[in-house]
Amino acid sequence: MSNINKVGSPERVYKTDKILIKNTDLCNDPWRDSEKNTEKPIYKSVSLCQWRQERGELLTEEWALGITLPADSDLYEIDLLDDLDKIDLISIEFSTFTDGRGFSLAAQLRQYGFTGELRATGAIILDQLYYLYRCGFNAFELSANEDVDIILNALKAFSKGYQPGW
Amino acid sequence: MYVYNDIDKQLLRERVTQFRDQTQRFLKGNLSDDAFLPLRLQNGLYIQRLAPMLRVAVPYGMLSSTQLRKLASISRDYDKGYCHITTRQNIQFNWPKLETIPELLKELSEVEMHTIQTSGNCIRNVTSDPLAGVAADEIIDPRPYCELVRQWSTLHPEFAFLPRKFKIAISGATQDRASIQFHDIGLQILENEHGRGFRVFVGGGLGRTPIKASLLRDFLPERDLLSYLCAILRIYNQQGRRDNKYKARLKILVRATGIESFAEKIEIEWLRIRDHYPELQEEAINNMQNYFSSPNYQTLDVKTVEGELNRLTTDLLEPSQRAFKRWLTRNTGEHKIPGYRTVTLSLKPTGIPAGDITDRQLQAVADLADRYSFGEVRTTQQQNIVLADVASSDLLELWLAAKQYGFTSANIGTMTDITCCPGGDFCALANAKSIPVAEAIQRRFDDMDYVYDLGELSLKISGCMNACAHHSISHIGILGVDKKGAEFYQIMLGGSAGDIAKPTVGKVIGPSFSAADIPEAIAIILDVYVDKRIEGESFIEVISRLGLRPFKDALYPARAVTLKSNSTEKTLGVNI
Ligand code: SF4
């Protein structure tokens, strides 16, 4: 898990200095703060732990559901594959940028037909964006200090790949 | 040889641009050391003891004369006038300046070369048989498959941050000249009633825990090659250890899991992947094979040519004829086409670090290749260069020309054809120097008649446990160790990789020696061999017949006495 989480703040305060790039555009993150001041948010995001405990209830509500998975999650150990079509956002959180497990996890999710937003968060660096994108990520949470043009360029580092990709 | 298409060229240009940008950001302080590290490693750039070291990929060892000339000019313009052939068939520059590397990469890209994935925790350059396509014992040419795997693994988005490095080797001959069972994945091409496919070995490796690979699958149809590789890599990526870099290689995962459960995991993952994965189409394979079709061999009058060679090398020999004859015996080999030979240019003259080659020599190799071998050469695991397609009628002329450049030391396959890593003179990871030890051995054994009499004998020296020289699969292996800050050397005997049926890891013979004592220790070992051999037995055959005992007794006489007296023989063979 990232240092940020270790600090122990459940409110994900760190997100204020983050920007979200989705489908090659700078966007607002609809999940951010959506739960503030409301019982029934339109966008609901949960941890893997919460998902495991409250799966039934989470699926009955009308909200757009987001789940955050650590990059080292084993897809076959977490009860998720049957519900991929009911989930709108899966965030994969990298604790270090050299943890390649998140790349495979993303590729597997796409392989199993997940079509929602697949977001890379945590310790990723710009120089990985193209590979992340080719593994199926279509959204990236990055430090607000990064220059958006450089980000968009990094996403286009290569015009083609030798391998099948998403 | 494979020729880049527009896509290959485009990708290479993009990679050069990407790395130029990364280097500039690093030099300006906008990219941290930690972030730059894996990025530069994936571009073959190490920061070494004295300067950066840049490793250039030579896919499965093939080089064209155009590429050789470019390497010559780069050695001159960016380095100190020489480069180094590694034991993984690659080329290393030892002294380039960081600021100039983006430009160097651009020059390399002009001749379809690069440094992509030559280091770092990713899929490394695919290696193969240096005699691919010409070996008399070849069943199927591995190069088209090597190139398909090279492309598949190049810039692979999913496998750029593996637990550790990952090496794939492919062979298509009866004899294994690529040591495939000492790679993370070893592929042996074969043909049977189901068509063409691969025997897949997995989890081999050298390093501090040398392990022979296990058989993962007896037959994999060729169409499934890439999806199957993907399954192995994915399981490794997700389940290989990341907490301890010494336990992070695939071999450790395979051993910890057990080959049967590992095979089961791969099978399950593969079945999940296979239907989503494009098959390797016959057409794609055929297209690739076209790049490696045979060159335009002349029809030689074999009888006349061989008659002439015979005449040159029998009766009343002048000294120079004798030298030619030795070279012919040691440095040329059988070819699948009658009248043709393979020729190994030796990069092991006494006193030159193994595998080092100057700009002038690179140029000369290019000229020799153009004149005598269809403009192509191959680098070898033993750090030499092979001209694969030489007409026998050209051999004398070639020998005379190669002699001027110091390529004709007639020692290929003998004990002075020493494979040696850069060791303590260059490498930041070394425990001990290796180059001076190699030289001392070459000087001690300068009587070539004695060396020839010993016959086929491999001797390899690594400066540390990383085993870059593959000492643990050498008949005689020497390993640099650190003993309280002093450089010492451990000797292993009996390793070998060439026989696909029984590749063997060598065994440590006993306590280590100082550098000064190594030549004498080797001399003692060789005396034992000469003494014990029965008519025509090779060094390795004597070891498999007698074990290490007689060698130990001769090397450690005092111990032999004490040990015999209290019969605690088991304590030997452990490094003290
Ligand atoms: S074996 Fe050790 S010393 Fe030799 S090159 Fe490899 S890492 Fe360096």
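Residues numbered from 1 in each chain as written. Chains lettered and ligands numbered in written order. Predicted model: local features only at pLDDT ≥ 70, side-chain atom pairs only at ≥ 80, totals over all residues. Heavy atoms only, no water.

### Some remarks on the overall build of chain B
- Along the backbone of chain B there are 19 helices and 21 strands.
- Taking 25 Å as the expected radius of gyration for a compact globule of 576 residues, we find that chain B reaches 24 Å, a close match to that expectation.
- Principal-axis analysis of the C-alpha atoms places the extent of chain B at approximately 65 × 60 × 60 Å.
- Put simply, chain B has 576 residues, and 61% of those count as buried.
- Restricting to contacts in chain B with at least 6 residues of sequence separation, those with at least 24 account for 67%.
- Of the accessible surface of chain B, which amounts to about 22700 Å², a share of 50% is contributed by carbon and sulfur atoms.
- Counting 69 positive and 69 negative side-chain charges, chain B places the averaged centre of each group 7 Å from the other. (Helix = DSSP H or I, 4+ residues; strand = E, 2+ residues; numbered from the N terminus. Rg over C-alpha atoms; globule rule 2.2 N^0.38 Å. Buried < 20%, exposed > 50% of the residue type's maximum accessible area, 1.4 Å probe, protein only. Contact = heavy atoms within 4.5 Å. Areas by Shrake-Rupley, 256 points an atom, 1.4 Å probe, with all protein chains shown as cover. Lys, Arg positive; Asp, Glu negative; His and termini not counted. Charge placed at Lys NZ, Arg CZ, Asp CG, Glu CD.)

### A short note on the overall build of chain A
- The helix and strand inventory of chain A stands at 5 helices and 7 strands.
- Taken from N to C terminus, the helices and strands of chain A fall in the order α-β-β-β-α-β-β-α-β-α-β-α.
- The buried share of chain A, taken over its 166 residues, is 50%.
- In chain A, 58% of the contacts between residues at least 6 apart in sequence involve partners at least 24 apart.
- When the accessible surface of chain A is summed, it comes to about 8100 Å², and 46% of that surface belongs to carbon and sulfur atoms.

### Quick notes on the interface of chain A and chain B
- Every contact between the two is made by 26 residues of chain A and, on the other side, 37 residues of chain B.
- Taken over both partners, the interface formed by chain A and chain B buries close to 3000 Å², and the fraction arising from carbon and sulfur atoms is 58%.
- On the chain A side of the interface with chain B, the three residues burying the most area are D127, Y131 and Y162 of chain A, jointly 25% of the side's total.
- Summed over the shared surface of chain A and chain B, the number is 2 salt bridges.
- Salt-bridge contacts for R25 of chain B lead to D127 of chain A; the nearest nitrogen and oxygen are separated by 3.0 Å.
- Joining chain A to chain B, the criterion identifies 17 residue pairs in polar contact (both at pLDDT 80 or more).
- Of all the elements in the fold, those that place two or more residues in the side of chain A that touches chain B are α3 (101-111) and α4 (129-134) of chain A.
- Considering only residue class, the side of chain A that touches chain B consists of 13 nonpolar, 8 polar and 5 charged. (Buried area = accessible area lost by both parts, 1.4 Å probe. Salt bridge = Lys/Arg side-chain N within 4 Å of Asp/Glu carboxyl O. Polar contact = N/O pair within 3.5 Å; in protein donor to acceptor, adjacent residues only side chain to side chain. Nonpolar A, V, L, I, M, F, W, Y, C, P; charged D, E, K, R; others polar.)

### Overview of the confidence of the model for chain A
- The predicted model of chain A has a mean per-residue pLDDT of 88, with 90% of residues at 70 or higher.
- When mean pLDDT is compared element by element in chain A, strand β5 (residues 89-94) of chain A scores highest at 98, while helix α1 (residues 3-6) of chain A scores lowest at 37. (pLDDT = per-residue confidence, 0-100.)

### Examining the site of the ligand
- The immediate surroundings of the ligand are formed by C421, P422, G423, C427, L429, A430, S462, G463, C464, N466, A467 and C468 of chain B.
- For the shell around the ligand, the per-class residue count stands at 8 nonpolar, 4 polar and no charged. (Near = heavy atom within 4 Å.)

### Comments concerning the domain arrangement of chain B
All names here are of chain B.
- Segmentation of chain B into domains returns domain 1 (6-110), domain 2 (134-290), domain 3 (302-403) and domain 4 (419-571).
- Taking only C-alpha atoms, the centre of domain 1 and the centre of domain 3 are 30 Å apart.
- Taken together, the contact pairs 20 residues of domain 1 with 22 residues of domain 3.
- Carbon and sulfur atoms make up 55% of the area that domain 1 and domain 3 hide from each other, which totals about 1900 Å².
- The largest share of the area that domain 1 buries against domain 3 comes from L68, R69 and I85, three residues that together contribute 31% of it.
- Seen at the junction of domain 1 and domain 3, the total is 3 salt bridges.
- Where R76 meets D359, a salt bridge forms, and the shortest distance between an N and an O atom there is 3.1 Å.
- Mapped by element, the contributors of at least two residues to the side of domain 1 that touches domain 3 are β3 (62-64), α3 (65-78) and β4 (82-85).
- With 7 residues, the single largest contributor to the side of domain 1 that touches domain 3 is α3.
- Split by residue class, the side of domain 1 that touches domain 3 holds 9 nonpolar, 9 polar and 2 charged. (Domains from an automatic or database assignment.)

### Some words on helix α12 (residues 359-372) of chain B
- Taking 1.5 Å of rise per residue, 14 residues should cover 20 Å, and α12 of chain B covers 20 Å from first to last C-alpha, within 8% of that figure.
- Just downstream of α12 of chain B lies F374 of chain B, where phi reads positive at about 55°. (Expected span 1.5 Å × (residues − 1).)

### Description of the confidence of the model for chain B
Residues and elements named next belong to chain B.
- Looking at chain B as a whole, its pLDDT mean stands at 92, while 96% of the residues score no less than 70.
- In this model residues 562-576 is a low-confidence stretch, pLDDT under 50, and it forms 21 contacts with partners more than four residues away in sequence or in other chains.
- On the interface metric, ipTM, the complex scores 0.90, and its pTM is 0.92.

### Section: the pattern of salt bridges
Residue and element names in this part refer to chain B.
- What the rule picks out here adds up to 41 salt bridges over all chains.
- Ionic pairing is found between D367 and R69, a salt bridge with its closest N-O pair at 2.7 Å. Here D367, found in helix α12, pairs with R69, found in helix α3; they are 298 residues apart in sequence, far enough to count as distant.
- With a relative accessible area of 34%, D367 lands in the partly exposed category.
- Salt bridges linked by common partners bring R20, K70, E103, K106, E107 and E110 together as one network.

### A few points about unusual backbone geometry
All names here are of chain B.
- Residue S179 is not a glycine yet carries a positive backbone phi of 50°.
- Mapped onto the elements of the fold, S179 is located in the loop between β7 (168-171) and β8 (185-192).
- Given the relative accessible area of 5%, S179 is considered buried.
- Phi is positive for H470, close to 60°, though the residue is something other than glycine.
- Examined against the element boundaries, H470 turns out to sit in the loop between β17 (459-462) and β18 (476-483).
- Since its relative accessible area comes to 10%, H470 is described here as buried.

### Some thoughts on the sheet that holds strand β4 (residues 64-70) of chain A
All names here are of chain A.
- If you trace the 7 strands from one edge of the open sheet to the other, you get β2-β1-β7-β6-β5-β4-β3, paired in mixed fashion. Each having just a single partner strand, β2 (25-27) and β3 (43-47) make up the two edges of the open sheet. Looking at each pair of strands side by side, their axes are set apart by 25° on average, direction ignored.
- The sheet contact formed by β5 and strand β6 (residues 117-122) spans 6 bridges and is parallel. Paired with I90 across the bridge in β6 is L118.
- The strands touched by helix α2 (residues 48-60) within the sheet are β3 and β4, with β3 carrying the most contacts at an inclination of about 140°.
- Docked against the sheet, α3 engages β4, β5 and β6, running at close to 165° with respect to β5. (Pairing = 2+ DSSP bridges. Axes fitted to C-alpha atoms, helices over the stretch in contact; angles between N-to-C directions.)

### Here we look at the side chain of S65 of chain B
Residue and element names in this part refer to chain B.
- Mapped onto the elements of the fold, S65 is located in helix α3.
- Classification of S65 as buried rests on a relative accessible area of 7%.
- Excluding anything up to four places from it in sequence, S65 contacts A366, D370 and G375.

### Quick word on the packing of aromatic side chains
Residues and elements named next belong to chain B.
- Counted by the stated rule, this structure contains 28 aromatic pairs over all chains.
- Ring geometry for Y297 and F374: centres 5.8 Å apart, planes at 85°, overall edge-to-face. On the criterion of sequence distance, the pair formed by Y297 in the loop between α9 (282-291) and α10 (302-313) and F374 in the loop between α12 and β14 (376-379) is long-range, its members being 77 residues apart.
- Its relative accessible area of 17% is what places Y297 among the buried residues.
- Seen from their ring centres, F539 and F551 are 6.0 Å apart, and the 65° between their planes marks the pair as edge-to-face. Here F539 is found in helix α17 (residues 539-546), whereas its partner F551 is found in helix α18 (residues 549-555), with 12 residues between them in sequence. Considered together, F539 and F551 belong to a single accessibility category, that of buried residues. (Phe/Tyr/Trp six-rings, centres within 6.5 Å; stacked < 30°, edge-to-face > 60°.)

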